[in-house]
Amino acid sequence: MPIIVAPLENVLMPREGMDVCVEHYWQGPRWSRRDWLRETLAAAGAGLLLKAGWAQDAPAKQSALIVHTESPFNAETSLDRLLEHWLTPVEDFYIRDHAPRPEVDRDDFRLTVEGLVDRPQSFTLAELTERFPAAEATATLCCAGNRRAEFNRIQPVEGVPWGAGALGNARWGGVRLRDVLEHAGVRLEARHVWFEGLDQHEKHGRKIVFGGSVPLERVWAEDPAAAVLLAHQMNGAPLTPEHGAPLRSLVPGYIGARSVKWLSRIVVSERPSDNYYVSEAYRLATDETPEALSHAPVIYELPLQSVIARVTLDRDARRPRLVARGYAMPSGRLGQRLKFVEVSADGGETWTAAQLEGTGQPYCWQFWRAELRAGRRTPKRLLVRAVSSDWEMQPQQAVWNPKGYMYNGWHAVELTAT
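Source: prediction; values computed, not measured. Think of each chain on its own: its residues are numbered from 1, step by step along the sequence as written. For this predicted model, a pLDDT threshold of at least 70 governs which residues receive local features, and a threshold of 80 or more governs which side-chain atom pairs are given and counted, while totals over whole chains, interfaces and linings are taken from all residues. With hydrogens and water stripped out, all remaining heavy atoms of the structure feed into the side-chain values.

Chemist: Can you help me understand the sheet that holds strand β8 (residues 192-203) in this one?
Modeler: The strands making up a sheet are joined through hydrogen bonds of the backbone, oriented either antiparallel or parallel. Two strands pair if DSSP finds at least two bridges between them. For the purposes of this entry, the term helix denotes a DSSP run of H or I that reaches at least four residues, the term strand denotes a run of E that reaches at least two, and both are numbered from the N terminus. With mixed pairing, 5 strands are arranged side by side in an open sheet as β5-β4-β13-β8-β9. What marks the edges here is a single partner per strand, and that holds for β5 (121-123) and β9 (206-215). Within the sheet, the average angular offset between the axes of one strand and its neighbour, ignoring direction, is 25 degrees. Where β8 and β9 come together, 9 bridges link them in antiparallel fashion. If you follow histidine 201 over to β9, its bridge partner there is isoleucine 208. Strand contacts of helix α4 (residues 177-184): β4 (111-115), β5, β8 and β13 (263-269), with the helix running at about 135 degrees to β5, the strand carrying the most contacts. Here an angle of 0 to 180 degrees is reported between the N-to-C directions of two axes, which are lines fitted to C-alpha atoms, with helices fitted over the stretch in contact. In what follows, a contact means two residues having at least one pair of non-hydrogen atoms within 4.5 Å.

Chemist: Before we go on, may I ask you to explain the packing of aromatic side chains in this structure?
Modeler: Two aromatic rings, taken as a pair, are described by how far apart their centres are and by the angle between their planes. Aromatic rings from Phe, Tyr and Trp, taking only the six-membered ring of Trp, are treated as a pair when their centres fall within 6.5 Å; an angle between ring planes under 30 degrees marks them as stacked, one over 60 as edge-to-face, and anything in between as tilted. All chains considered together, the criterion is met by 14 aromatic pairs. Residues tyrosine 94 and tryptophan 162 carry aromatic rings whose centres are separated by 6.4 Å and whose planes lie at 90 degrees to one another, so their mutual orientation is edge-to-face. Residue tyrosine 94 is found in the loop between α2 (79-82) and β3 (95-96), and its partner tryptophan 162 is found in the loop between β6 (134-142) and β7 (167-176); the two are separated by 68 residues along the sequence. Accessible area is worked out with a 1.4 Å probe on protein chains only. A residue is then buried under 20% of its type maximum, exposed over 50%, and partly exposed in between. Tryptophan 162 sits in the buried class, given a relative accessible area of 0%. Seen in terms of ring centroids, phenylalanine 340 and tryptophan 391 are 6.0 Å apart; in terms of plane orientation they differ by 70 degrees. Their pairing is edge-to-face. With phenylalanine 340 in strand β16 (residues 338-344) and tryptophan 391 in the loop between β20 (381-388) and β21 (411-414), this pair connects stretches of sequence that are 51 residues apart. A connected cluster of aromatic rings, assembled from ring pairs, spans Phe210, Tyr276, Tyr277, Tyr282 and Tyr405. The residue whose ring lies beneath arginine 385 is tryptophan 351, and the NZ or CZ to ring-centre distance is 3.9 Å. Both a distance and an angle decide whether a charge sits over a ring: NZ of Lys or CZ of Arg must be within 6 Å of the ring centre and within 35 degrees of the ring normal.

Have a look at this one:
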């Protein structure tokens, strides 16, 4: 039997087709079906609201993307749909645009490689794929603003009000950036690689091209799963325009802003890029004064994360139980995996271990499932937290910043019986 619930205040979570319920604890003897029926009828008589069709059935289909802005286009995936596929279908994958989407002619497209290299290069897409070995990487791409809306409970923040669906997992195909740079001959003083896309817009009275940069040491990392790609495929098919066709960078474990779409220029340098999206945006500053921005660290690696996406009631069990499901992912540090995920129904006093599905791997999310006994007592909410393979624990609260980046506090779903 369903109990109507509400997500935690100001947290953007899709409601349609989402089975979320109030959890009950019952520590007494095993119930018979007659006992269970008597308790549920008593609950209904006490004035608890019911939701038609609530059960363990598959949720109703809905639009996968929740649109936040039309121009530039920004849309996240509904949490319920995210759980349907470990590899997120292209049509369900979140979209983050910073500027109007450029129109790119594949036949005229060229990628240039310049800066601190012995042999500056220029490639068509065909030349790039023919000259260098094909490579693949499976990685979860996630916006640095994922869960931004939750910061508003502390203090309002700027930016797209993302819920917890600004991410997706895909198999990316292309060539290794390392191979391309070795071919160009990187000079000894080089420390960073800049990426520049073809999208641009006016901001603060100046033309801004979207770009990013990554430390060169990440490109040289020996971990094959961390290989930085120049990607032209997504889930075995050519990139689509909204995901950066014909070419994008793909940096496993790093925030999505470093995986630059419509990539056209690579610069090898001794310093981080001076592009607006490195020098001013995507930094963890306590305020937005020039001094604070200049001293704030540039954001690279994704944080340890876990989210509750769905809660259902298993009525077929001999003892009714709640089943919570969601996603979690390790931090973007080299080689990190998830160690465990746990759920609490009493404000963090006690925790129930979740079952991790599949084989965890670095730079990818993992789905989890937790069973909680259903009984008479009604908790206020469910919480989830994750622990990584190096025993880092997901923090109870993320550090507030005015741009609302990197929210990874314990995810909560507030449960309200009326």
